[in-house]
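One letter stands for each residue in the lines below.
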Amino acid sequence: AHQWRGLIAEYAEHLPIEPGEPVITLGEGGTPLVASAALSERTGARVHLKVEGANPTGSFKDRGMTMAVSKVAAAGGALVLCASTGNTSASAAAYAAHAGLPCAVVLPAGKIAAGKLAQAIVHGATLVSLEGNFDDGLRVVRELGQRPDVALVNSVNPYRLQGQKTAAFEIVDALGDAPDIHVLPVGNAGNISAYWMGYREYAVAGHATRTPRMWGVQADGAAPFVKGEPVENPETIATAIRIGNPASWSLATAARDESGGRIDAVSDAEILDAQALIAREVGVFVEPASAASVAGLLARAAAGEVPAGATIVCTVTGNGLKDTATALGETPIDPVVVPPTTAAVADALRLV
Ligand code: F0G
């Protein structure tokens, strides 16, 4: 049986990595592309979810991190540093741990989901809590990244996008061609840029006959691309994409415009509704930011803007287990308690 070897080994010929260079891998990539009858029915399209929560640390960041940290190792090591809304820090901490390198993460105070914080801590990273938002953190770490003893692994590190572009390769490999439309959440805007690069490169290499329209989705309170300018105080329940001044601004607008795509915004309520729908009708537990992609697709479908029968892939970027508090909301965990007898359980289940 074929064992997935991690995306650098699988796609080496498409990546800037030389034979003999160290490869820091946790087996990332090769994630499920799940066809959803429920979402297809609701939209009149053929909808698939690219389930990036299945990566080793539970988000798509691992794709970029295997490349970025491999390059840090190749260069002889340094302090692996990032600013993060949570997932990048979890991934950086894990890959640095695997490589035996020190890691430090700069996090907006009070705005990181508990599971992501736990990941950074258990993997041994040094945490710095910033009295500011992600955009402030990124400004600071970009300055510190100038030092020779520091390696910045945010998506301004070009190796990050190189790794992340492989998700587009996997989708083309699974579908036999590119989809008509690709939908994904947009925060710092690295991922939409990486997918667009991946789709274009794979078409040029002869693996696809076309490229998809790129549809980005932001949260209403953190939607600089919709506003057309940075947002000073971004706010959304989807803390992963609580970003007002995206680093990959021009790459993302190029992805949108060259692909004939669009970037829209959805409300926090739409995000939570989509998260619940994906959980109950697809059987995939995603974090709020990830659900923005599906929320955006459903909004376009409601507006009659989804072409009938189109093949659509929505990236769901992170695992719901990272942020159970937001998913449960006011819902208490208080199942009925019964004695350990078949009769009592049958009675609780009304199996009379
Ligand atoms: N979805 C999730 C779950 C994320 O964690 C992020 C970004 C995005 C979507 C947006 O991707 O930034 O490439 O546009 N999280 C970063 C972090 C900012 O620090 O973990 P993007």
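In the nomenclature of an unreviewed UniProt entry, the chain is known as Threonine synthase of Litorihabitans aurantiacus. Turning to the chain, the UniProt annotation filed under Pathway (unreviewed entry) states: "Amino-acid biosynthesis; L-threonine biosynthesis; L-threonine from L-aspartate: step 5/5." Turning to the chain, the UniProt annotation filed under Catalytic activity (unreviewed entry) states: "O-phospho-L-homoserine + H2O = L-threonine + phosphate".

Visitor: Would you mind showing me how to read the overall build of the chain here?
Guide: Of the regular secondary structure elements, the chain holds 15 helices and ten strands. In terms of overall dimensions, the chain is globule-like: its C-alpha atoms have a radius of gyration of 20 Å, near the 20 Å expected for 352 residues. Taking the principal axes of its C-alpha atoms as reference, the chain extends roughly 70 × 50 × 50 Å. For the chain, with 352 residues in total, the buried portion stands at 52%. Excluding contacts between residues fewer than 6 apart, the proportion of contacts in the chain whose partners are at least 24 apart in sequence is 71%.

Visitor: Please explain the sheet that holds strand β5 (residues 126-130) as it appears in this structure.
Guide: The strands making up a sheet associate through hydrogen bonds between their backbones, and the pairing can be parallel or antiparallel. Spatial ordering of the open sheet is given by β5-β4-β3-β6, a layout of four strands whose pairing is parallel. Unpaired on one side and paired on the other, β5 and β6 (150-152) mark the two borders of the sheet. Across this sheet, the average inter-strand angle for adjacent strands is 25°, counted without regard to direction. Alignment of strand β3 (residues 79-83) against strand β4 (residues 103-108), held across four bridges, turns out to be parallel. Among the inter-strand pairings, Cys82 is bridged to a residue of β4, identified as Val105. In the packing of helix α6 (residues 134-144) onto the sheet, contacts are made with β3, β4, β5 and β6, and the angle to β3 comes to roughly 150°.

Visitor: In this structure, what is going on with the environment of Ser267? I would like to understand it.
Guide: Topologically, Ser267 is positioned in the loop between β9 (262-266) and α12 (268-282). For Ser267, a count of 15 C-beta atoms within 10 Å translates into the label partly exposed. The spacing of Ser267 and Thr66 is 201 residues in sequence and 33 Å in space, taken between C-alpha atoms.

Visitor: Would you explain helix α11 (residues 249-258) in this entry?
Guide: Residue pairs spaced three or four apart in an α-helix point in one direction, given the helix's 3.6 residues per turn. Along α11, the residues classified as buried are Ala252, Ala255 and Arg256. Projected down its long axis, α11 shows its buried positions confined to an angular sector of 95°, all on one face. Summarising the geometry of α11, the exposed residues directed more than 90 degrees from the buried face are Ser250, Asp257 and Glu258. Those residues of α11 that are buried lie in contact with α9 (190-204), β8 (213-219), α10 (224-227) and β9. Gly260 occupies a position one or two residues after α11 and carries a positive phi of about 70°.

Visitor: Quick question: what am I supposed to make of the UniProt feature "binding site: pyridoxal 5'-phosphate" (unreviewed entry) in the chain here?
Guide: Mapped onto this numbering, the UniProt entry gives "binding site: pyridoxal 5'-phosphate" (unreviewed entry) at Asn87, Gly187, Asn188, Ala189, Gly190, Asn191 and Thr317. Sequence-wise these annotated residues cover 231 residues; spatially they are packed, their C-alpha atoms never more than 14.3 Å apart. A tally of 26 C-beta atoms within 10 Å means that Ala189 is categorised as buried. Ignoring anything within four residues of it in the chain, the contact list for Ala189 reads Pro246, Ala247, Ser248, Trp249, Leu251 and Ala252. Relative to the elements of secondary structure, Thr317 occurs in the loop between β10 (311-316) and α14 (324-328). Filtering out sequence-adjacent residues up to four positions away, Thr317 remains in contact with Glu52, Ser59, Phe60, Leu184, Pro185, Ala289 and Ser290.

Visitor: I'm lost on the site of the ligand in this one. Help?
Guide: Lining the immediate environment of the ligand, one finds 22 residues, of which Ser84, Gly187, Asn188, Thr317 and Gly318 sit closest. Counting residues per element, the ones that place at least two in the shell around the ligand are α4 (87-99), α9 and α13 (288-302). Tallied by class, residues from the shell around the ligand come to six nonpolar, 14 polar and two charged. Of the domains in this structure, domain 1 (7-59 + 160-328) and domain 2 (67-157) are the two that each give at least three residues to the shell around the ligand.

Visitor: How should I be thinking about the environment of Glu201 in this particular structure?
Guide: On the secondary structure map, Glu201 appears in helix α9. Judged by C-beta crowding, with 16 C-beta atoms within 10 Å, Glu201 ranks as partly exposed. With 187 residues separating them along the chain, Glu201 and His14 place their C-alpha atoms 8.4 Å apart. Beyond its immediate stretch of four places on either side in the chain, Glu201 contacts His14 and Lys165.

Visitor: Quick question: what am I supposed to make of helix α3 (residues 61-74) here?
Guide: Here α3 spans 20 Å end to end across 14 residues, near enough to the 20 Å set by a 1.5 Å rise per residue. Across the 14 residues of α3, 13 count as buried, placing the element largely inside the fold. Among the residues trailing α3, Gly76 stands out with phi positive, at a value near 100°.

Visitor: How should I be thinking about the nonpolar core in this particular structure?
Guide: Nonpolar side chains in soluble globular proteins tend to be buried together. With 98 residues, the main nonpolar core has Val69, Ala92, Val105, Val153 and Ala292 as its most contacted residues. Examining the composition of this core, we find that seven residues originate from one element, α13, more than from any other. Both domain 1 (7-59 + 160-328) and domain 2 (67-157) contribute no fewer than three residues apiece to this core. Those residues in contact with Ala92 that sit more than four places away from it in its chain are Met65, Val80, Cys82, Cys103, Val105 and Val153.

Parameters at a glance
Residues numbered from 1 in each chain as written. Predicted model: local features only at pLDDT ≥ 70, side-chain atom pairs only at ≥ 80, totals over all residues. UniProt positions renumbered as here; feature names shortened; annotations may be inferred. Helix = DSSP H or I, 4+ residues; strand = E, 2+ residues; numbered from the N terminus. Rg over C-alpha atoms; globule rule 2.2 N^0.38 Å. Buried ≥ 20, exposed ≤ 12 C-beta atoms within 10 Å, placed from the backbone. Contact = placed C-beta atoms within 7 Å. Pairing = 2+ DSSP bridges. Axes fitted to C-alpha atoms, helices over the stretch in contact; angles between N-to-C directions. Arc of directions from axis to C-beta. Near = placed C-beta within 6 Å. Nonpolar A, V, L, I, M, F, W, Y, C, P; charged D, E, K, R; others polar. Domains from an automatic or database assignment. Expected span 1.5 Å × (residues − 1). Core = buried A, V, L, I, M, F, W, Y, C linked by C-beta atoms within 7 Å.

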